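Survey of secondary and tertiary structure
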Amino acid sequence: MDILEGLKNLVDGTQLQVLFYLLLANVLTGMVGALVKGKFEVVKIVEFWKRLGVVIGAYLVAGLAAKGLSDFEVLRTVVWGALIAYLAGHIIANLKEWGLPLPDGLVKFMEK
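A brief report on the enclosed structure follows. (Residues numbered from 1 in each chain as written. Predicted model: local features only at pLDDT ≥ 70, side-chain atom pairs only at ≥ 80, totals over all residues. Heavy atoms only, no water.)

For the rest of this paragraph, the subject is the packing of helix α3 (residues 43–68) against helix α4 (residues 73–98). For the pair α3 and α4, the least separation of the axes is 7 Å and the interaxial angle reads 165°. Taken together, the axes of α3 and α4 lie roughly antiparallel to each other. With respect to the hand of their crossing, α3 and α4 are arranged in left-handed fashion. Counted together, R51, V55, A58, Y59, A62, G63, A65 and A66 of α3 and E73, L75, R76, V79, W80, L83, Y86, L87 and H90 of α4 form the full contact between these two elements. Partitioned by chemical class, the residues of the contact of α3 with α4 number 12 nonpolar, two polar and three charged. (Axes fitted to C-alpha atoms, helices over the stretch in contact; angles between N-to-C directions. Helix = DSSP H or I, 4+ residues; strand = E, 2+ residues; numbered from the N terminus. Parallel < 35°, antiparallel > 145°, perpendicular 65-115°, else oblique. Left-handed = near helix turned anticlockwise from the far one by under 90°. Contact = heavy atoms within 4.5 Å. Nonpolar A, V, L, I, M, F, W, Y, C, P; charged D, E, K, R; others polar.)

Where helix α2 (residues 13–37) contacts α3, the two axes come as close as 11 Å, and the packing angle between them is 165°. Taken together, the axis directions place α2 and α3 in an arrangement best described as roughly antiparallel. Taken as a pair, α2 and α3 cross one another with a handedness that is right-handed. Of α3, the residues touching α2 (which contributes Q15, L16, L19, L23, N26 and V27) are F48, R51, L52, V55, I56 and Y59.

Let's shift gears to the environment of F40. Note on placement: F40 falls in the loop between α2 and α3. Residue F40 is classed as partly exposed on the basis of its relative accessible area, which comes to 34%. Once the C-alpha coordinates of F40 and G30 are considered, the two residues, 10 residues apart in sequence, prove to be 9.0 Å apart. If near-sequence neighbours (up to four positions away) are discounted, F40 is found in contact with M31, A34, L35 and I45. (Buried < 20%, exposed > 50% of the residue type's maximum accessible area, 1.4 Å probe, protein only.)

So, to be careful, I would describe these as geometric facts and stop short of saying anything about function.
See below:
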């Protein structure tokens, strides 16, 4: 079994696709906001790659634990949910930076 096949067995394809699309939305909302406000910095792209590494790494570690220990099968889904919340928070922060009117309750919840 090659490395790629082994990685495919660790992750749920649908969950990984959702993470990918949220990461893409995070980058796009951040870049558009920075370009519109004239605050685009190349250094921010490095921060994105770090965030990408953390998100994918955490998901793969959870998948590895779930694969090796049947009692931890739910761990991958819990980590996936936490990563969704993490990325959603960044997207909401980007939208807030754009100046979009967001519901106060949502902004207060995400700031905690």
